[in-house]
Amino acid sequence: MTYVEDELNSQPECWTRAAAEAAGHAAVLPAAGERVAVVGCGTSYFMAQSVAALREEAGLGETDAFAASEFPSGRAYDRVVALTRSGTTTEVLDLLGALKGRTRTVALTADPDTPVMAAADDVVVLDYADERSVVQTRFATTALTLLRAHLGLHTGAAVADARTALADGLPEGLVDRTQFTFLGRGWTVGLANEAGLKMREASLSWTEAYPAMEYRHGPISVSTSTTATWMFGEAPEGLAEQVRDTGALWVAGGLDPLAELVRAQRLAVAVAASRGLDPDRPRHLTRSVILAP
(Lines give C-alpha, C1' and ligand atoms only; values in the text may rest on other atoms or scores of the structure.)
Protein backbone atom coordinates (compact mmCIF):
# COMPACT_ATOMS: atom_id res chain seq x y z
CA MET A 1 0.00 0.00 0.00
CA THR A 2 1.29 3.48 -0.85
CA TYR A 3 1.49 6.23 1.74
CA VAL A 4 -1.32 8.12 0.04
CA GLU A 5 -3.63 5.10 0.20
CA ASP A 6 -2.98 4.68 3.91
CA GLU A 7 -3.50 8.40 4.50
CA LEU A 8 -6.70 8.74 2.52
CA ASN A 9 -8.14 5.67 4.28
CA SER A 10 -7.65 7.37 7.66
CA GLN A 11 -9.86 10.35 6.85
CA PRO A 12 -13.02 9.32 8.76
CA GLU A 13 -11.02 9.11 11.99
CA CYS A 14 -9.24 12.41 11.29
CA TRP A 15 -12.51 14.17 10.56
CA THR A 16 -14.11 12.86 13.74
CA ARG A 17 -11.21 14.18 15.81
CA ALA A 18 -11.13 17.56 14.07
CA ALA A 19 -14.86 18.09 14.53
CA ALA A 20 -14.55 17.27 18.23
CA GLU A 21 -11.66 19.73 18.65
CA ALA A 22 -13.22 22.63 16.74
CA ALA A 23 -14.89 24.24 19.74
CA GLY A 24 -11.54 24.38 21.54
CA HIS A 25 -10.10 26.52 18.76
CA ALA A 26 -13.06 28.90 18.49
CA ALA A 27 -11.21 31.82 20.08
CA VAL A 28 -8.62 32.01 17.28
CA LEU A 29 -10.90 31.15 14.35
CA PRO A 30 -13.09 33.75 12.56
CA ALA A 31 -16.03 35.03 14.56
CA ALA A 32 -19.43 35.67 13.03
CA GLY A 33 -19.53 39.06 11.32
CA GLU A 34 -15.79 39.37 10.77
CA ARG A 35 -14.50 40.18 7.29
CA VAL A 36 -12.21 37.26 6.49
CA ALA A 37 -9.80 36.07 3.82
CA VAL A 38 -8.70 32.44 3.54
CA VAL A 39 -5.43 31.76 1.71
CA GLY A 40 -3.30 28.84 0.64
CA CYS A 41 -1.35 27.35 -2.24
CA GLY A 42 -2.30 24.41 -4.43
CA THR A 43 -4.64 22.07 -2.58
CA SER A 44 -4.87 24.50 0.33
CA TYR A 45 -6.05 27.24 -2.01
CA PHE A 46 -8.89 25.04 -3.25
CA MET A 47 -9.87 24.25 0.35
CA ALA A 48 -9.84 28.01 0.97
CA GLN A 49 -12.34 28.44 -1.87
CA SER A 50 -14.68 25.94 -0.22
CA VAL A 51 -14.35 27.50 3.24
CA ALA A 52 -15.02 30.98 1.91
CA ALA A 53 -18.14 29.91 0.06
CA LEU A 54 -19.45 27.93 3.04
CA ARG A 55 -19.02 30.86 5.41
CA GLU A 56 -20.73 33.35 3.12
CA GLU A 57 -23.55 30.94 2.28
CA ALA A 58 -24.15 30.55 6.03
CA GLY A 59 -24.44 34.32 6.45
CA LEU A 60 -21.49 34.49 8.84
CA GLY A 61 -19.61 37.29 7.12
CA GLU A 62 -17.95 38.41 3.92
CA THR A 63 -15.25 35.88 3.09
CA ASP A 64 -12.78 35.79 0.21
CA ALA A 65 -10.32 33.14 -0.93
CA PHE A 66 -6.96 33.81 -2.55
CA ALA A 67 -3.86 32.02 -3.64
CA ALA A 68 -1.33 33.34 -1.13
CA SER A 69 0.71 34.90 -3.93
CA GLU A 70 -2.34 36.85 -5.17
CA PHE A 71 -3.53 38.38 -1.92
CA PRO A 72 -4.67 41.98 -2.51
CA SER A 73 -2.41 43.98 -0.20
CA GLY A 74 -4.64 47.04 -0.21
CA ARG A 75 -7.76 45.25 1.01
CA ALA A 76 -8.68 45.29 4.71
CA TYR A 77 -9.75 42.19 6.63
CA ASP A 78 -10.47 41.49 10.27
CA ARG A 79 -8.70 38.14 10.08
CA VAL A 80 -6.74 36.09 7.56
CA VAL A 81 -6.77 32.29 7.75
CA ALA A 82 -3.80 30.52 6.16
CA LEU A 83 -3.89 26.82 5.29
CA THR A 84 -0.43 25.26 5.04
CA ARG A 85 0.27 21.57 5.59
CA SER A 86 4.05 21.96 5.67
CA GLY A 87 4.28 25.31 7.41
CA THR A 88 7.18 26.17 5.11
CA THR A 89 5.59 27.38 1.87
CA THR A 90 7.31 30.58 0.81
CA GLU A 91 4.27 32.46 -0.47
CA VAL A 92 2.30 31.79 2.72
CA LEU A 93 5.15 32.79 5.01
CA ASP A 94 5.81 35.96 3.01
CA LEU A 95 2.15 36.95 3.26
CA LEU A 96 1.97 36.28 6.99
CA GLY A 97 5.07 38.37 7.47
CA ALA A 98 3.58 41.25 5.50
CA LEU A 99 0.39 41.13 7.57
CA LYS A 100 2.15 41.02 10.94
CA GLY A 101 0.94 43.86 13.14
CA ARG A 102 -1.72 44.91 10.60
CA THR A 103 -4.20 42.03 10.40
CA ARG A 104 -4.83 39.17 12.82
CA THR A 105 -3.72 35.88 11.26
CA VAL A 106 -4.31 32.23 12.10
CA ALA A 107 -2.61 29.31 10.39
CA LEU A 108 -3.79 25.71 10.19
CA THR A 109 -0.79 23.42 9.78
CA ALA A 110 0.30 19.82 10.24
CA ASP A 111 3.84 20.45 11.49
CA PRO A 112 4.49 22.30 14.77
CA ASP A 113 8.23 22.55 14.11
CA THR A 114 8.15 24.94 11.16
CA PRO A 115 8.43 28.71 10.57
CA VAL A 116 4.66 29.22 10.40
CA MET A 117 4.48 28.85 14.18
CA ALA A 118 6.17 32.24 14.56
CA ALA A 119 4.86 33.82 11.37
CA ALA A 120 1.16 33.63 12.31
CA ASP A 121 -0.45 35.30 15.31
CA ASP A 122 -2.34 32.09 16.15
CA VAL A 123 -1.82 28.50 15.04
CA VAL A 124 -4.00 25.40 14.97
CA VAL A 125 -1.89 22.24 14.68
CA LEU A 126 -3.42 19.16 13.07
CA ASP A 127 -0.36 16.96 13.41
CA TYR A 128 -2.42 13.77 13.42
CA ALA A 129 -3.41 14.60 9.82
CA ASP A 130 0.16 15.11 8.58
CA GLU A 131 1.27 13.07 5.57
CA ARG A 132 4.34 11.37 4.13
CA SER A 133 3.02 11.49 0.57
CA VAL A 134 3.67 14.57 -1.54
CA VAL A 135 0.03 14.36 -2.68
CA GLN A 136 -2.29 15.89 -0.07
CA THR A 137 -5.41 14.04 1.02
CA ARG A 138 -6.22 13.88 4.71
CA PHE A 139 -4.68 17.16 5.87
CA ALA A 140 -6.72 19.18 3.40
CA THR A 141 -10.03 17.49 4.19
CA THR A 142 -9.34 17.49 7.95
CA ALA A 143 -8.61 21.23 7.94
CA LEU A 144 -11.81 21.82 5.98
CA THR A 145 -13.73 19.62 8.42
CA LEU A 146 -12.45 21.58 11.41
CA LEU A 147 -13.50 24.86 9.80
CA ARG A 148 -16.82 23.37 8.68
CA ALA A 149 -17.46 22.30 12.28
CA HIS A 150 -16.47 25.76 13.53
CA LEU A 151 -19.12 27.19 11.21
CA GLY A 152 -21.72 24.76 12.59
CA LEU A 153 -21.97 22.97 9.25
CA HIS A 154 -20.40 19.58 10.00
CA THR A 155 -22.52 16.53 10.84
CA GLY A 156 -21.76 12.88 11.46
CA ALA A 157 -23.27 12.13 8.08
CA ALA A 158 -20.12 13.41 6.39
CA VAL A 159 -18.00 10.88 8.29
CA ALA A 160 -20.45 8.07 7.55
CA ASP A 161 -20.39 8.99 3.86
CA ALA A 162 -16.58 9.02 3.91
CA ARG A 163 -16.63 5.45 5.19
CA THR A 164 -19.00 4.56 2.36
CA ALA A 165 -16.70 6.28 -0.14
CA LEU A 166 -13.84 4.10 1.07
CA ALA A 167 -15.80 0.86 1.19
CA ASP A 168 -17.76 0.94 -2.08
CA GLY A 169 -16.26 0.20 -5.48
CA LEU A 170 -15.74 2.93 -8.05
CA PRO A 171 -18.21 3.10 -10.97
CA GLU A 172 -17.55 0.46 -13.59
CA GLY A 173 -15.32 1.66 -16.40
CA LEU A 174 -14.33 4.87 -14.65
CA VAL A 175 -10.63 4.04 -14.33
CA ASP A 176 -10.41 3.41 -18.08
CA ARG A 177 -11.52 6.92 -19.06
CA THR A 178 -8.90 9.27 -20.47
CA GLN A 179 -10.48 12.64 -19.66
CA PHE A 180 -12.01 13.63 -16.31
CA THR A 181 -14.16 16.68 -15.63
CA PHE A 182 -15.28 17.69 -12.14
CA LEU A 183 -18.17 20.08 -11.52
CA GLY A 184 -19.35 21.91 -8.42
CA ARG A 185 -21.71 24.61 -7.22
CA GLY A 186 -21.11 27.08 -4.39
CA TRP A 187 -18.73 25.59 -1.85
CA THR A 188 -18.22 22.43 -3.90
CA VAL A 189 -16.48 24.32 -6.74
CA GLY A 190 -13.33 24.26 -4.61
CA LEU A 191 -13.75 20.51 -4.13
CA ALA A 192 -14.11 20.02 -7.88
CA ASN A 193 -10.93 22.02 -8.44
CA GLU A 194 -9.12 19.86 -5.89
CA ALA A 195 -10.38 16.62 -7.46
CA GLY A 196 -8.95 17.75 -10.78
CA LEU A 197 -5.62 18.58 -9.15
CA LYS A 198 -5.44 15.16 -7.47
CA MET A 199 -5.91 13.45 -10.83
CA ARG A 200 -3.21 15.55 -12.47
CA GLU A 201 -0.72 15.11 -9.63
CA ALA A 202 -1.12 11.42 -8.94
CA SER A 203 -2.01 9.97 -12.35
CA LEU A 204 -0.94 12.56 -14.96
CA SER A 205 -4.53 12.64 -16.20
CA TRP A 206 -6.20 15.19 -18.43
CA THR A 207 -8.61 16.84 -16.02
CA GLU A 208 -10.72 19.97 -15.86
CA ALA A 209 -12.97 21.56 -13.24
CA TYR A 210 -15.75 24.12 -13.58
CA PRO A 211 -18.75 25.62 -11.81
CA ALA A 212 -21.50 23.32 -13.04
CA MET A 213 -23.55 26.03 -14.75
CA GLU A 214 -20.48 27.05 -16.76
CA TYR A 215 -19.99 23.61 -18.27
CA ARG A 216 -22.54 24.26 -20.99
CA HIS A 217 -20.78 27.48 -21.96
CA GLY A 218 -18.11 25.77 -24.04
CA PRO A 219 -16.34 23.01 -22.08
CA ILE A 220 -19.00 20.39 -22.82
CA SER A 221 -17.92 20.53 -26.47
CA VAL A 222 -14.85 18.35 -25.76
CA SER A 223 -16.82 15.62 -23.99
CA THR A 224 -16.74 12.25 -25.77
CA SER A 225 -17.15 8.56 -25.00
CA THR A 226 -13.77 8.64 -23.24
CA THR A 227 -14.85 11.40 -20.81
CA ALA A 228 -16.09 11.05 -17.25
CA THR A 229 -18.00 14.04 -15.84
CA TRP A 230 -18.35 13.96 -12.06
CA MET A 231 -20.77 16.21 -10.17
CA PHE A 232 -20.03 17.31 -6.58
CA GLY A 233 -23.38 18.02 -4.99
CA GLU A 234 -26.72 18.60 -6.67
CA ALA A 235 -26.58 18.96 -10.44
CA PRO A 236 -28.33 21.72 -12.40
CA GLU A 237 -31.53 20.54 -14.02
CA GLY A 238 -30.99 18.78 -17.33
CA LEU A 239 -27.19 18.73 -17.17
CA ALA A 240 -26.83 14.98 -16.61
CA GLU A 241 -28.86 14.24 -19.74
CA GLN A 242 -26.85 16.71 -21.81
CA VAL A 243 -23.60 15.13 -20.69
CA ARG A 244 -24.85 11.62 -21.43
CA ASP A 245 -25.87 12.77 -24.90
CA THR A 246 -22.18 13.46 -25.63
CA GLY A 247 -21.34 9.82 -24.87
CA ALA A 248 -19.58 10.75 -21.62
CA LEU A 249 -19.98 8.82 -18.38
CA TRP A 250 -21.98 10.87 -15.87
CA VAL A 251 -21.02 10.34 -12.21
CA ALA A 252 -23.64 11.69 -9.83
CA GLY A 253 -22.35 12.79 -6.45
CA GLY A 254 -24.79 11.18 -4.04
CA LEU A 255 -22.62 11.40 -0.94
CA ASP A 256 -21.67 14.40 1.17
CA PRO A 257 -19.49 16.44 -1.24
CA LEU A 258 -16.41 16.11 0.96
CA ALA A 259 -16.87 12.33 0.89
CA GLU A 260 -17.15 12.56 -2.89
CA LEU A 261 -13.67 14.09 -2.83
CA VAL A 262 -12.48 10.96 -1.01
CA ARG A 263 -13.87 8.90 -3.88
CA ALA A 264 -12.01 11.11 -6.35
CA GLN A 265 -8.80 10.61 -4.35
CA ARG A 266 -9.30 6.87 -4.66
CA LEU A 267 -9.81 7.25 -8.40
CA ALA A 268 -6.54 9.17 -8.72
CA VAL A 269 -4.66 6.36 -6.96
CA ALA A 270 -6.41 3.69 -9.04
CA VAL A 271 -5.62 5.42 -12.34
CA ALA A 272 -2.01 5.90 -11.23
CA ALA A 273 -1.75 2.18 -10.48
CA SER A 274 -3.24 1.28 -13.86
CA ARG A 275 -0.56 3.42 -15.54
CA GLY A 276 2.34 2.12 -13.45
CA LEU A 277 2.87 5.44 -11.65
CA ASP A 278 3.87 6.10 -8.04
CA PRO A 279 1.23 8.45 -6.56
CA ASP A 280 3.43 9.18 -3.55
CA ARG A 281 6.10 10.81 -5.73
CA PRO A 282 4.51 12.73 -8.59
CA ARG A 283 6.96 14.10 -11.10
CA HIS A 284 8.31 17.64 -10.71
CA LEU A 285 6.62 18.08 -7.31
CA THR A 286 7.83 18.35 -3.72
CA ARG A 287 6.00 18.37 -0.39
CA SER A 288 6.46 22.13 -0.09
CA VAL A 289 7.43 24.91 -2.49
CA ILE A 290 10.32 26.76 -0.86
CA LEU A 291 11.75 29.53 -3.03
CA ALA A 292 15.37 30.57 -2.63
CA PRO A 293 15.96 34.27 -1.85
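No experiment lies behind these values; they were computed from the predicted model shown. (Residues numbered from 1 in each chain as written. Predicted model: local features only at pLDDT ≥ 70, side-chain atom pairs only at ≥ 80, totals over all residues. Heavy atoms only, no water.)

Participant: Explain the packing of aromatic side chains residue by residue, including any values.
Facilitator: Taken as a whole, this structure holds eight aromatic pairs when the rule is applied. Note that Arg 35 overlies the ring of Tyr 77, its terminal NZ or CZ placed 4.8 Å from the centroid. (Phe/Tyr/Trp six-rings, centres within 6.5 Å; stacked < 30°, edge-to-face > 60°. Lys NZ or Arg CZ within 6 Å of the ring centre and 35° of its normal.)

Participant: Quick one: what's the story with the nonpolar core, residue by residue and with numbers?
Facilitator: Leu 108, Leu 146 and Phe 182 are the most contacted members of the largest nonpolar core, which totals 61 residues. Once residues within four sequence positions are removed from consideration, Leu 146 is found in contact with Ala 18, Ala 22, His 25, Leu 29, Leu 108, Val 124 and Leu 126. In terms of nonpolar packing, the next biggest core, distinct from the first, is built from 17 residues, Phe 66, Val 116, Ala 119 and Ala 120 among them. (Core = buried A, V, L, I, M, F, W, Y, C linked by side-chain atoms within 4.5 Å. Buried < 20%, exposed > 50% of the residue type's maximum accessible area, 1.4 Å probe, protein only. Contact = heavy atoms within 4.5 Å.)

Participant: Can you tell me about the sheet that holds strand E4 (residues 104-109), naming the residues and giving the values?
Facilitator: What holds strands together in a sheet is hydrogen bonding between their backbones, with the strands either parallel or antiparallel. Overall, parallel pairing links the five strands, which are arranged E2-E1-E3-E4-E5 in an open sheet. With one partner strand each, in any of the chains shown, strand E2 (63-67) and strand E5 (122-125) form the two edges of the open sheet. Going across the sheet, the axis of each strand differs from the next one's by a mean of 20°, ignoring polarity. Two strands pair when backbone bridges link them, and E4 and E5 are joined in this way by four bridges, in the parallel orientation. If you follow Ala 107 over to E5, its bridge partner there is Val 123. (Pairing = 2+ DSSP bridges. Helix = DSSP H or I, 4+ residues; strand = E, 2+ residues; numbered from the N terminus. Axes fitted to C-alpha atoms, helices over the stretch in contact; angles between N-to-C directions.)

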